[in-house]
Amino acid sequence: MASLRPKSPNMQNYRPQLTSVMSFGHRLSGATLAVGVFGLSTWLVSAAVGPSAFETVQAIVFSVPGRSLMFLATLVFFYHLCNGIRHLIWDNVQAFSLPSIYIGGWIVLGTSLALTLGLWIWVLA
Amino acid sequence: MGAGMTAPRGTPAAARGLGAAGHGTGHWLAQRASALALVPLTLWFVAALANDAATDLASLSAWLTSPINAILMILLLIAAFHHAALGLRVMAEDYVHSRARFAIIALIQLVCFGGAVAGIVATLLIAIDS
């Protein structure tokens, strides 16, 4: 019954904009990181269980798919961190004009990419 | 209101029982408070991992033997799982329109609580055992 009523906003009618894409990206990265914290707990539990359990988890983390996931996880983490700080600034009704929102969006994208690359340069160097 | 009459739309009686009334502020504040806590805690954790704190079991055990590291790890787990539970709940509220919504929200709370407890107990065991 409720499903027959029109729902808003009808996302398929909108051209993607930096604001809407980053807003959805914040949710998507948040959901991804929520899965990540379960991975963190699993990793800690495996270390508490014993060496063989820990070796199994470490082998997955350091496999090629595991390393790719770790790289993506850091990108997702830095994006959610930077955009989260942007949200905290907005909560104080700062940087809330349309130009500021766009400038902030590009700063967040640039900073999260730079932090991700910087971290991996630090790790691998 | 007399017997046989239904509440008109837009009255408090029509809205009662259909959603949060007065609980939203607490949720909002808890999300921001956990977010603020996670800024230094996650950066500390990522920096520690990048600094080879846990390349193998011996180094992870040695790292968590330090009370400061164990405490920060537990604080990170509490803040992260709390923040995750709050965020996932909003997604369920926004996207699940069926009767499964209540069950899904309850499941989110339980699973996040379980994940936090598992991580905290594991941290304590590693810290004490080594």
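Before reading further, recall that the structure is shown in the block above.
Given the structure is predicted, the values throughout are model-derived calculations rather than measurements.

**Q** Tell me about the environment of Ala 54 of chain B, and name the residues and values.
**A** Residue placement: Ala 54 of chain B occurs in the loop between α2 (24-50) and α3 (57-65). Expressed as a C-alpha distance, the spacing of Ala 54 of chain B and Val 117 of chain B, which sit 63 residues apart in the sequence, is 21 Å. In this structure, Ala 54 of chain B is in contact with Trp 43 and Gln 58 of chain A together with Leu 49, Ser 59 and Leu 60 of chain B, ignoring residues within four places of it in sequence.

**Q** Give me the lowdown on α3 of chain B, citing residues and values where you can.
**A** Listing the buried residues of α3 of chain B in full gives Leu 57, Ser 59, Leu 60, Ser 61, Trp 63 and Leu 64 of chain B. On its buried face, α3 of chain B sits against α1 (18-49) and α2 (51-61) of chain A together with α2, α4 (67-95) and α5 (100-129) of chain B.

**Q** Provide a residue-level description of the interface of chain B and chain A, including the pertinent values.
**A** At the interface, 41 residues of chain B touch 29 residues of chain A. Interface of chain B and chain A: buried area, both sides summed, is about 2,700 Å²; carbon and sulfur atoms make up 79% of it. On the chain B side of the contact with chain A, Ala 50, Leu 57 and Met 91 of chain B bury the most area, a combined 18% of that side's loss. Taken together, the connections running from chain B to chain A amount to 2 salt bridges. The residue Asp 94 of chain B makes a salt bridge to Arg 27 of chain A at a minimum N-O spacing of 2.6 Å. Viewed at the interface, chain A and chain B are joined by 6 residue pairs in polar contact (both at pLDDT 80 or more). Only α2, α3, α4 and α5 of chain B provide two or more residues apiece to the side of chain B that touches chain A. Of all the elements, α4 of chain B adds the most residues to the side of chain B that touches chain A, at 12 residues. Each residue belonging to the side of chain B that touches chain A can be placed in one class, and the counts come to 29 nonpolar, 8 polar and 4 charged.

**Q** Quick one: what's the story with the packing of aromatic side chains, residue by residue and with numbers?
**A** Taken as a whole, this structure holds 8 aromatic pairs over all chains when the rule is applied. Ring plane angle 80 degrees and centroid distance 5.0 Å describe the contact between Phe 38 of chain A and Phe 81 of chain B, whose orientation is recorded as edge-to-face. Placement of Phe 38 of chain A in helix α1 and of Phe 81 of chain B in helix α4 is noted, with the two residues assigned to different chains. Residue class for Phe 81 of chain B comes out buried when judged on its relative accessible area of 3%. Between the aromatic rings of Phe 77 of chain A and Phe 78 of chain A, the centroid separation amounts to 5.0 Å while the plane-to-plane angle is 55 degrees, which identifies the pairing as tilted. Among the residues examined, Phe 78 of chain A registers a relative accessible area of 4% and is labelled buried. Cluster of aromatic residues (ring-pair linked, three or more members): Trp 44, Phe 45 and Trp 63 of chain B.

Reading the values: the criteria
Residues numbered from 1 in each chain as written. Chains lettered and ligands numbered in written order. Predicted model: local features only at pLDDT ≥ 70, side-chain atom pairs only at ≥ 80, totals over all residues. Heavy atoms only, no water. Helix = DSSP H or I, 4+ residues; strand = E, 2+ residues; numbered from the N terminus. Contact = heavy atoms within 4.5 Å. Buried < 20%, exposed > 50% of the residue type's maximum accessible area, 1.4 Å probe, protein only. Buried area = accessible area lost by both parts, 1.4 Å probe. Salt bridge = Lys/Arg side-chain N within 4 Å of Asp/Glu carboxyl O. Polar contact = N/O pair within 3.5 Å; in protein donor to acceptor, adjacent residues only side chain to side chain. Nonpolar A, V, L, I, M, F, W, Y, C, P; charged D, E, K, R; others polar. Phe/Tyr/Trp six-rings, centres within 6.5 Å; stacked < 30°, edge-to-face > 60°.

Geometric descriptors of this kind do not, in isolation, establish any biological role.
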